[in-house]
Each structure stands twice: as structure tokens, then as C-alpha cells.
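Summary of the model geometry
If you want the building blocks of each chain, they are given just below.
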Amino acid sequence: MAKLTIVANIKANPDQIDLVKTELLKLIEITRAETGCINYDLHQDNDNPAHFIFYENWESRELWQTHMNAPHLAAYMAATEGAVAEFTLNEMTRIG
């Protein structure tokens, strides 16, 4: 099984930064305990506090997909509905 790196970019609406940050922080502990999670690290841009990045590594794409269907992700989506201006996700493979 090939390991998978995920880079998720989340850009909150300017008036919703605190809400999005709070909800993103709730995901960390529970996700780090999931089967297959190697690391799950949240970052906030120093110059643009509305921009967050999750840098994640998973044992396999299948285990990451299980994470993506987890109840805590659905709860995050519901809690931040309308608060996120932009979301992009890149599935990546380490090559060096």
C-alpha cells in the first residue's frame, strides 16, 4: 500500500475566521487517533489568518477515505456551512 499525503487548503470568510478555526481544531485529536493517520497538522497563514492548511499523511488512500466519511468530518461540514470561502484538496505522493 502506498502512503498518501493530503494538503487541504481552507479559506474562511473574513468574518468567520474564529468559527472555522475552532471547528478545525476540534478535528485534530480525534483524527490523529484514527487508524492509518500518520500525522494531521493544522497551520494558519501568518499574513492571512483566514487561510488554514492541513498537512496530513496516511498509511493508505483507503484509510484516508474512511476518515473522509467519518462523523466528525460531517459535523465539521455542518458547523462551517457558509463560513468557508474556498476549499481545495490535493492528494499527493512523496517522491523524494
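These lines cover the structure that appears in this document, whether it is placed above or below.

The next point concerns the nonpolar core. The tendency in soluble globular proteins is for nonpolar side chains to be buried as a group. Ranked by size, the top nonpolar core spans 20 residues in total, and within it I10, V20, L24, L27, Y40, F52 and F54 carry the most contacts. Mapped onto this core, the elements with two or more residues apiece are β1 (4-12), α1 (17-32), β2 (37-44), β3 (51-58) and α3 (71-79). If sequence neighbours within four positions are ignored, L24 has contacts with I10, L42, F52, F54 and Y76.

Our focus in this paragraph is the sheet that holds β3. The sheet built from four strands is open, its strands ordered β2-β3-β1-β4 with antiparallel pairing. Of all the strands in the sheet, the pair left with one neighbour each is β2 and β4 (84-92). Averaged over all neighbouring strand pairs, the angle between strand axes comes to 10°, with direction disregarded. Sheet strands touched by α1: β1, β2, β3 and β4. Its angle to β2, the strand with the most contacts, is close to 165°.

Cut-offs applied
Residues numbered from 1 in each chain as written. Predicted model: local features only at pLDDT ≥ 70, side-chain atom pairs only at ≥ 80, totals over all residues. Heavy atoms only, no water. Core = buried A, V, L, I, M, F, W, Y, C linked by side-chain atoms within 4.5 Å. Buried < 20%, exposed > 50% of the residue type's maximum accessible area, 1.4 Å probe, protein only. Helix = DSSP H or I, 4+ residues; strand = E, 2+ residues; numbered from the N terminus. Contact = heavy atoms within 4.5 Å. Pairing = 2+ DSSP bridges. Axes fitted to C-alpha atoms, helices over the stretch in contact; angles between N-to-C directions.

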